Amino acid sequence: MNVHEYQGKSLLKKYGVPVPEGIMVKSLADALEAAKKLKEITGSEVCAVKAQIHAGGRGKGGGVKIAKSLDDVKTHAGNILGMQLITPQTGPEGKKVSKLLIEQNIYYPGPSEPSEIYMSVLLNRATSRNMIMYSPRGGMDIEAVAEETPEAIFTEEIDPKTGIMPYQCRRIAFNLGLSGDAFKSLVKFIPKLYNAYVKNDCTLLEINPLFKTADDKILVADCKMSIDGNALFRHSEIIEMRDLLEEDPMEVEAGKYDLNFVKLDGNVGCMVNGAGLAMATMDIIKLSGGDPANFLDVGGSANAKRVEEAFRIILKDPNVKAILVNIFGGIVRCDRVAQGIVDAYKNIGEINIPIIVRLQGTNAEEAKQIIDESGLKVKSAILLKEAAQLVTEVLA
């Protein structure tokens, strides 16, 4: 589960991580009031107006502006609120902006030169250890840094028995070229950031940029936080932060029926039980000349109602030209799946795209009988190879 920048910063603040003062707003009037409050707190009219969507690259798309006066706040907030913001991470369709973060200015003059740092905490799957990835080349895509100047990227792996150690924090600050108060500030900052990552069950905590101010303070200028969905039962306050408008509507609907669904860009809808079999089914679709339109695991306790809802969700995708149902009955009973297919036909109405069904395992014979006696135009297969050949035929 992803959270907005303002939500991520509020979670970081609970763990003592220094973040700029900011106020989330949903209207132009509230944006002006927020700017006035920030002026009272900071003594400066200058502030940032930042679009809140679940995507990076907002500044490149015009979703982040610096306002030097209330008139600027009015102009920028009016332009950004309601806009369809397109960034490299949203795709060409973009995302509609319904929230703004009005935030204090951190680019102020001082005795030293300000700088932008990249820092993230994530799992190194090769070693099964958390690590901190960081670079003095902050404020830009880390992928571009890796491609152009890989020597500017550093990593620090963390032993789960000890957690982040003081010498590691000092090494990070040294590699970033910091000194004096900035060095000391970062050494104190890193353990707090890592603690927030662990305590919130994050899968990714990316700060880009992590900002060193002109008076050597360390502040989180931007925050991308992803939470492990399997751990959300421990975080009721984070569950309340979920923004369904930022998620794919089909995936949201699938979640209501405990369906593991991920929308893809292909033309063959998949309905499978078990993640491993689903991946194999997607591979066989590719080999047959098609492209999977989704990953859909109906789970081991699939019943007729869940199968029907799975069909409804798949059929909402206009790109789907065929559906492949591939069920191996272990825990799930094939006859339940077959009944779900029949019910889907009856309740949804005429389905005008071909359906290929492969049912094997528990109650497979009963399932075949249900399909055969239904009178439906469903192509059946026994072997996965046969199902692949049928996919090729219907797409020809």
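Structural data are supplied above this passage.
Reading guide: rules and limits
Residues numbered from 1 in each chain as written. Predicted model: local features only at pLDDT ≥ 70, side-chain atom pairs only at ≥ 80, totals over all residues. Heavy atoms only, no water. Helix = DSSP H or I, 4+ residues; strand = E, 2+ residues; numbered from the N terminus. Buried < 20%, exposed > 50% of the residue type's maximum accessible area, 1.4 Å probe, protein only. Contact = heavy atoms within 4.5 Å. Areas by Shrake-Rupley, 256 points an atom, 1.4 Å probe, with all protein chains shown as cover. Lys, Arg positive; Asp, Glu negative; His and termini not counted. Charge placed at Lys NZ, Arg CZ, Asp CG, Glu CD. Salt bridge = Lys/Arg side-chain N within 4 Å of Asp/Glu carboxyl O. Core = buried A, V, L, I, M, F, W, Y, C linked by side-chain atoms within 4.5 Å. Arc of directions from axis to C-beta. Polar contact = N/O pair within 3.5 Å; in protein donor to acceptor, adjacent residues only side chain to side chain. Pairing = 2+ DSSP bridges. Axes fitted to C-alpha atoms, helices over the stretch in contact; angles between N-to-C directions. Right-handed = clockwise from strand over helix to strand, strands pointing away. Parallel < 35°, antiparallel > 145°, perpendicular 65-115°, else oblique. Left-handed = near helix turned anticlockwise from the far one by under 90°. Nonpolar A, V, L, I, M, F, W, Y, C, P; charged D, E, K, R; others polar.

Draft legend 1. Focus on the overall build of the chain. Within the chain, the regular secondary structure consists of 13 helices and 19 strands. Seen through its C-alpha atoms, the chain measures out along the principal axes to roughly 80 × 50 × 40 Å. Every one of the 396 residues in the chain was classed for burial, and the buried ones make up 48%. In the chain, of all internal contacts separated by at least 6 residues, the share reaching a separation of at least 24 is 66%. Just so you have it, the chain exposes about 19,200 Å², and 51% of that area is on carbon and sulfur atoms. Averaging the positions of the 47 positive and the 52 negative side-chain charges in the chain gives two centres separated by 3 Å.

Draft legend 2. Representation of the pattern of salt bridges in the model. Taken as a whole and assessed by the stated rule, the structure comprises 22 salt bridges. The shortest N-O distance in the salt bridge between E33 and K36 comes to 3.6 Å. In this pair, E33 and K36 both sit in helix 2 (residues 28–42), 3 residues apart, roughly one turn of the helix. One salt bridge connects D372 with K368, and the closest N-O pair in it is separated by 2.8 Å. One end of the pair is D372 and the other is K368, both in helix 12 (residues 364–374) and 4 residues apart, which spans about a single turn.

Draft legend 3. The arrangement of the nonpolar core in detail. Membership of the largest hydrophobic core comes to 37 residues, with the highest contact counts inside it found for L12, M119, L186 and F189. Counting residues in each nonpolar core, the second largest holds 33 residues, with V320, V337, A364 and A367 among its members.

Draft legend 4. Helix 5 (residues 166–175), seen in detail. When helix 5 is considered as a whole, its buried residues turn out to be Q168, C169, I172 and A173. Down the axis of helix 5, the buried side of the element spans an arc of 135 degrees, and every buried residue falls inside it. Contact partners of the buried residues in helix 5: strand 8 (115–124), strand 9 (129–135), strand 10 (154–157) and helix 6 (180–199). Of the residues flanking the end of helix 5, it is G177, one or two places downstream, whose phi is positive at about 75 degrees.

Draft legend 5. Seen up close, the side chain of E253. With respect to the helices and strands, E253 occurs in helix 8 (residues 249–256). According to the relative accessible area criterion, E253 is buried, its value standing at 18%. Dropping the residues within four chain positions of it, E253 is found in contact with E309, I313 and K316.

Draft legend 6. Looking closely at the environment of Y108. By the secondary structure assignment, Y108 is in the loop between strand 7 (100–104) and strand 8. Separated by 62 residues in sequence, Y108 and V46 have C-alpha atoms that sit 9.4 Å apart. Among the polar contacts listed, one links the side chain of Y108 to the side chain of T213, at a separation of 3.5 Å.

Draft legend 7. Quick look at the sheet that holds strand 4 (residues 64–67). Reading across from one edge, 2-7-3-4 is the order of the 4 strands in this open sheet, with antiparallel pairing throughout. Among the strands making up the open sheet, the edge pair consists of strand 2 (22–25) and strand 4. Taken over all neighbouring pairs, the strand axes of this sheet differ in orientation by 20 degrees on average, direction set aside. Those strands touched by helix 1 (residues 5–13) are strand 2, strand 3 (47–51) and strand 7, and its axis lies near 50 degrees from that of strand 7. Helix 3 (residues 70–80) rests against strand 3, strand 4 and strand 7 of the sheet, and its axis sits at about 165 degrees to strand 4.

Draft legend 8. Structural context of the pairing of strand 17 (residues 322–329). Burial analysis of strand 17 places 7 of its 8 residues in the buried class, the great majority of the element. Both strand 15 (residues 268–272) and strand 17 contribute to a ladder of 5 bridges, which runs parallel. The partner of M271 across the bridge, within strand 17, is V325. The sheet contact formed by strand 17 and strand 18 (residues 355–361) spans 7 bridges and is parallel. Looking across to strand 18, one finds that I323 is bridged to I355. Regarding topology, helix 11 (residues 334–348) serves as the crossover connection from strand 17 to the parallel strand 18, and that connection is right-handed.

Draft legend 9. Region of the structure containing unusual backbone geometry. Residue P209 is reached from N208 by a cis peptide bond, and omega for that bond is 10 degrees. Structurally, P209 is set in strand 11 (residues 202–212). Residues other than glycine seldom take positive phi values, yet S128 does so here, at roughly 60 degrees. What makes S128 exposed here is its relative accessible area of 59%. Residues other than glycine seldom take positive phi values, yet D201 does so here, at roughly 55 degrees. Of note, D201 is situated in the loop between helix 6 and strand 11.

Draft legend 10. Summary view of the packing of helix 10 (residues 304–315) against helix 11. Where helix 10 contacts helix 11, the axes come no closer than 7 Å and their chain directions differ by 55 degrees. Judged by the inter-axis angle, helix 10 sits oblique to helix 11. The element helix 10 and its partner helix 11 pack so that their crossing is right-handed. For the pair formed by helix 10 and helix 11, the contact residues are A304, V307, E308, F311, R312 and L315 on the first element and R336, V337, Q339, G340, I341, D343, A344, N347 and I348 on the second. Of the residues belonging to the contact of helix 10 with helix 11, the class tally is 8 nonpolar, 3 polar and 4 charged.

Draft legend 11. A look at the packing of helix 11 against helix 12. Orientation of helix 11 relative to helix 12, taken along the N-to-C sense of each, is 15 degrees, at an axis distance of 7 Å. Here helix 11 is positioned roughly parallel relative to helix 12, judged by the angle of their axes. Our pair here, helix 11 against helix 12, has a crossing hand that is right-handed. The segment helix 11 lies against helix 12, with C334, D335, A338, Q339, I341 and V342 engaging A364, E366, A367, I370, I371 and S374. The class makeup of the residues in the contact of helix 11 with helix 12 is 8 nonpolar, 2 polar and 2 charged.

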